Amino acid sequence: MEEIKWLEVAVNTSPERLDEVCAKLTAAGMAALVIEDEGEFQRFLEQNRQYWDYVDQELLDRMRGVCRVKFYVTDDAHGRAQLAQYVQGLDCEYTTAPLSENDWAYSWQKYYKPLTIGERLYVVPEWEKSKPVPQGRVPVYLNPGLTFGTGSHASTQLCLEGVEAHTKAGDRVLDLGCGSGILSIAALCLGAEYAAAVDIDPKAVDVAYENAALNGIGRDRYTVRAGDILTDRALEEELGREKYPLVLANIVADVIIPLSAWAPQVMTEDGVFLCSGIIAPRAQEVADALARNGLKVVRRREKNGWAALEAVLA
């Protein structure tokens, strides 16, 4: 089989135009973007969860002073036609660099290494599954691919620390805005009996099920749905039929705030609502919303400008 050739496209822009450029590229059909930017990225990420896990500190340090958006197309007539469609009207300089199939894979995989999180968790990309797991660690295997929720983002790590702290054997867990499924799958790996998960992006369903299968978790223990729990009554009824000791929401402040009015309905009396994806300056705003809806914050974690809140029924 002939090796596929790829083009790495790097669009140079300014921090002020980052969200505009990404919005235009997404609207044109390019959903898998790598953000390389030093400044003002947190506001953009707060509004665009799907890009979180393509940003890490090592990359930011290397690209200090540069604001860039990267994506990939095949190096053929079809790919170049796609490129022309994506950059039309961007009004930004861009460069292209040819990559082989192996180079393309490495360009993603080099950013994903096993992560030790909390006291027990060990998040491992699928291609390193054959390597030994450190003693005392519970592995969670993922295929990052071109999706979101790999564990590399500070917000996800904060939430995983909370999952580790609050998951008990036999628990049932609800994961709101599940993305790759990393949080609910981690809970299942830590001993939870069952998890239900939902995401507004339909692609998350297959991704989460695939990642669950990597960990030997079948659909008898894991249910994933697509939709908006705040507006889809049928979905709300399905997932709200029972109560959960642990409810997760690693989303953004503007979604967590309305969710905080619904979450208490599905929590057990001693349940925990663990929310993350909150830029630190908005943590108090979210805490105030939780309080208005009958929830009391009992712990706040922070990392790299992001915050996670743990709340119980007041």
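To start, this report covers the structure provided alongside it.

### Some remarks on the state of the cysteines
Now for step 1: Summed over all chains, the structure comprises 0 disulfides.
Now for step 2: The closest cysteine sulfur to the non-disulfide-bonded Cys-275 is located on Cys-159, 7.9 Å from its own sulfur.

### Re the sheet that holds strand β9 (residues 194-199)
Two orientations exist for strands paired in a sheet by backbone hydrogen bonds: parallel and antiparallel.
Now for step 1: Within the open sheet, the 7 strands sit side by side as β10-β9-β8-β11-β12-β14-β13. Their pairing is mixed. Taken across any chain shown, the strands that pair with only one partner, and hence form the sheet edges, are β10 (222-226) and β13 (295-303). Between one strand and the next, the sheet's axes are offset by a mean angle of 15 degrees, whatever the strand orientation.
Now for step 2: Across 4 bridges, strand β8 (residues 172-176) lies against strand β11 (residues 244-250) in parallel orientation. Following the sheet pairing, Asp-175 is matched in β11 by Leu-248.
Now for step 3: On top of the sheet, helix α10 (residues 253-262) reaches β8, β11, β12 (267-279) and β13; it is set at about 170 degrees to β12, its chief contact.

### Focus: the packing of helix α6 (residues 154-166) against helix α7 (residues 182-189)
Now for step 1: For the pair α6 and α7, interaxial distance at closest approach is 10 Å and the crossing angle is 25 degrees. Regarding the angle of α6 to α7, the classification is roughly parallel. In this structure, α6 crosses over α7, and the sense of that crossing is right-handed. Two secondary-structure elements touch here, α6 through Thr-156, Cys-159, Leu-160 and Val-163 and α7 through Ile-182, Leu-183, Ala-186 and Ala-187.
Now for step 2: Each residue belonging to the contact of α6 with α7 can be placed in one class, and the counts come to 7 nonpolar, 1 polar and no charged.

### Focus on the nonpolar core
Now for step 1: Counting 33 residues, the largest nonpolar core has Leu-174, Phe-273, Cys-275 and Val-286 as its most contacted members.
Now for step 2: Of all the elements in the fold, those that place two or more residues in this core are β8, β9, α9 (233-239), β11, α10, β12, α11 (283-292) and β14 (306-313).
Now for step 3: Residues contacting Phe-273, with those up to four places away along its chain left out, are Val-247, Ala-249, Ile-256, Ser-260, Ala-263, Met-267, Leu-290, Leu-295, Leu-309, Glu-310 and Ala-311.
Now for step 4: Val-123, Val-163, Ala-187 and Tyr-222 belong to the second largest nonpolar core, which has 32 residues in total.

### Some remarks on unusual backbone geometry
Now for step 1: Despite not being glycine, Asp-91 has its phi angle at roughly 60 degrees, a positive value.
Now for step 2: Along the chain, Asp-91 falls in the loop between α4 (77-87) and β4 (94-100).
Now for step 3: What makes Asp-91 exposed here is its relative accessible area of 72%.

### Quick word on the sheet that holds strand β7 (residues 138-142)
Now for step 1: The strand order across the open sheet built from 3 strands is β5-β6-β7, with neighbouring strands paired in mixed fashion. Of all strands in the sheet, those bounded by a partner on one side alone are β5 (115-117) and β7. Going from strand to strand, the sheet's axes swing by 25 degrees on average, the running direction of each strand aside.
Now for step 2: Pairing geometry for β5 and strand β6 (residues 121-125), over 3 bridges, is antiparallel. Residue pairing in the sheet places Ile-117 in a bridge with Leu-121 of β6.
Now for step 3: Of the strands in this sheet, β6 and β7 are in contact with α7, which crosses β7 at around 145 degrees.

Cut-offs used in this document
The numbers attached to residues start from 1 for each chain and follow its sequence in the written order. The model is predicted, so local features are restricted to residues of pLDDT at least 70 and side-chain atom pairs to those at 80 or more, both for listing and for counting; the totals for chains, interfaces and linings are taken over all residues. To get the side-chain values, all heavy atoms of the structure are used, and hydrogens and water are removed first. Here, a disulfide means two cysteine sulfur atoms that sit within 2.5 Å of each other. DSSP bridges decide pairing: two strands pair if at least two such bridges lie between them. Only DSSP runs of H or I with at least four residues qualify as helices, and only runs of E with at least two residues qualify as strands; both kinds are numbered from the N terminus onward. Orientation is described by axes fitted as lines to C-alpha atoms, over the contacting stretch for helices, and by angles from 0 to 180 degrees between their N-to-C directions. Residue contacts are defined here by distance: any two heavy atoms, one from each residue, within 4.5 Å place the two residues in contact. What sets the label is the angle itself: under 35 degrees gives roughly parallel, over 145 gives roughly antiparallel, 65 to 115 gives roughly perpendicular, and the rest give oblique. Here a crossing is taken to be left-handed if its near helix is turned anticlockwise relative to the far helix by less than a right angle, and right-handed if that turn runs clockwise. In this classification, the charged set is Asp, Glu, Lys and Arg, the nonpolar set is Ala, Val, Leu, Ile, Met, Phe, Trp, Tyr, Cys and Pro, and all remaining amino acids, among them Gly, are polar. For this analysis, a nonpolar core means a set of buried residues of the types Ala, Val, Leu, Ile, Met, Phe, Trp, Tyr and Cys, connected via side-chain atoms within 4.5 Å. Using a 1.4 Å probe on the protein chains alone, a residue whose accessible area is under 20% of its type maximum counts as buried, one over 50% counts as exposed, and one in between counts as partly exposed.

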